[in-house]
Amino acid sequence: MAELQPVFAAIGVLVASTLAGVAQEATVRVGMVRSISSVATLTAIDKGYFKEAGIKVVTEDIDTSANMLALLAQNQLQIIEGGISAGYFNALEKGLPITIVMDRVSSPLGHNLMLRPDLKEQVRELKQLKGKILASNGVGSVSTYELGKMLETEGLSISEIDVKVFPFTQMAIAFANRAIDAAIVIPPFTSLFLSKGQAVAFKDPDDLVNPRPLTIAVNMVNTDWAKANRDLVRNYYVAYLRGVRDYCQAYHGGANRVELIERALHSGAETRRELLTEYPWPARSPNGRVNIESMLDMQAWYTRNKFSTAQLPTDRLVDTSHIDYAVQKLGPFELASKDSKLSGCR
């Protein structure tokens, strides 16, 4: 029996070490608006990038980031992924402990200001939309910002049209019922509406909205939690950026594209296979970069059009320190598909 004691001792040390490792694993709660872009986070989870960093990520589905800012500020969620809105700037003005860390969707956006088909011959210029009913997915959403900026290129303001709020999933019905004349539409709905003849392409925000690139969806963090857990947050973004770069390789048709498509379908991030195989994916930066000039312009536009009264400095709008650390750790992004003609995700 005595000769077995060293074996038992060794097993005990191994078990204790394993339990200690589990005990030290930090939990990070992440709220996500489910979309194709979610696959970056899901990949980092499934491939063990977070686990390697000692992090357990618990995801929660959210409808819009605007509705979850309070939960982020209360640290019920430590991180949220979703769109930018006037609500973000309003929350900062109230002093809530939140900030943008990195991009989630950036130019090229694949958005389009689409017309009801019967208006194709009648409306040829943006200024002809004056007094007409245009749909956006939210009054203070980034889509409304895009719409307003496009109208301004022909001397029209957002106040000179009738903006109605419709979810993207309801816009086709609104077009069919003539409840709207035009709408700002995002992928995959742009391609769907075109293929089914439910709307016609009119103007592309990527051609008209400056400054570019435009970041429309982001990753936000609770700043109090981040300050108290600097190393954890840094490790989180190193692991997360690995998932983002996997996404970018797949975006350009890399060898892992099928893997990410299956992950998106299995997770429910997207349920329609044809949208993942036949249509462009949302672009994003493999280095997580947010165009600060674009953020400042967005803030100014929301203020000018009375969606917000915020006038905050750059360092309050975006904190790049965590993603700067991640990029330094991972080094430059190397695109595997050198012959890809797609812009974005580079």
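Quick caveat: nothing in here was measured; it's all calculated off a predicted structure.

About the criteria used
- Residues numbered from 1 in each chain as written.
- Predicted model: local features only at pLDDT ≥ 70, side-chain atom pairs only at ≥ 80, totals over all residues.
- Heavy atoms only, no water.
- Buried < 20%, exposed > 50% of the residue type's maximum accessible area, 1.4 Å probe, protein only.
- Helix = DSSP H or I, 4+ residues; strand = E, 2+ residues; numbered from the N terminus.
- Pairing = 2+ DSSP bridges.
- Polar contact = N/O pair within 3.5 Å; in protein donor to acceptor, adjacent residues only side chain to side chain.
- Contact = heavy atoms within 4.5 Å.
- Axes fitted to C-alpha atoms, helices over the stretch in contact; angles between N-to-C directions.
- Phe/Tyr/Trp six-rings, centres within 6.5 Å; stacked < 30°, edge-to-face > 60°.
- Lys NZ or Arg CZ within 6 Å of the ring centre and 35° of its normal.

A. Expanded view of the pairing of strand β10 (residues 215-222). Of all 8 residues in β10, 8 are buried; the element is thus mostly enclosed. When strand β3 (residues 79-83) meets β10, the two strands line up antiparallel, connected through 5 bridges. For isoleucine 79, the partnering residue across the bridge sits in β10 and is valine 221.

B. Representation of the side chain of glutamine 78. Tracing the chain through its elements places glutamine 78 in the loop between α4 (69-73) and β3. Engagement of the side chain of glutamine 78 in a polar contact is seen with the backbone nitrogen of arginine 29, the distance being 2.7 Å. For glutamine 78, the side chain forms a polar contact with the main-chain oxygen of asparagine 75, separated by 2.9 Å. Glutamine 78 has contacts with Thr27, Val28, Arg29, Leu72, Met220, Val221, Asn222 and Trp225, leaving out every residue within four places of it along the chain.

C. Summary view of the sheet that holds β10. Spatially, 5 strands are ordered β2-β1-β3-β10-β4 in an open sheet, and the strand pairing comes out mixed. Looking along the sheet, the strands with just one partner apiece sit at the ends: β2 (55-62) and β4 (98-106). Strand-to-strand twist of the sheet, defined as the mean angle between neighbouring strand axes without regard to direction, takes the value 20°. Across 3 bridges, strand β1 (residues 26-33) lies against β3 in parallel orientation.

D. Spatial organisation of the packing of aromatic side chains. Under the defined criterion, the tally for this structure stands at 15 aromatic pairs. On the numbers, 5.7 Å between centres and 50° between planes, the contact of phenylalanine 89 with tyrosine 302 is tilted. Highlighted residues: phenylalanine 89 in helix α5 (residues 86-93) and tyrosine 302 in helix α14 (residues 292-304), separated in sequence by 213 residues. Overall, the relative accessible area of 0% leaves phenylalanine 89 in the buried class. Judged by its relative accessible area of 0%, tyrosine 302 falls in the buried class. One aromatic cluster is present, formed by Tyr88, Phe89, Tyr145, Trp301, Tyr302 and Phe307 through successive ring pairs. Lying across the ring of tryptophan 281, arginine 257 places its NZ or CZ 4.3 Å from the centre.

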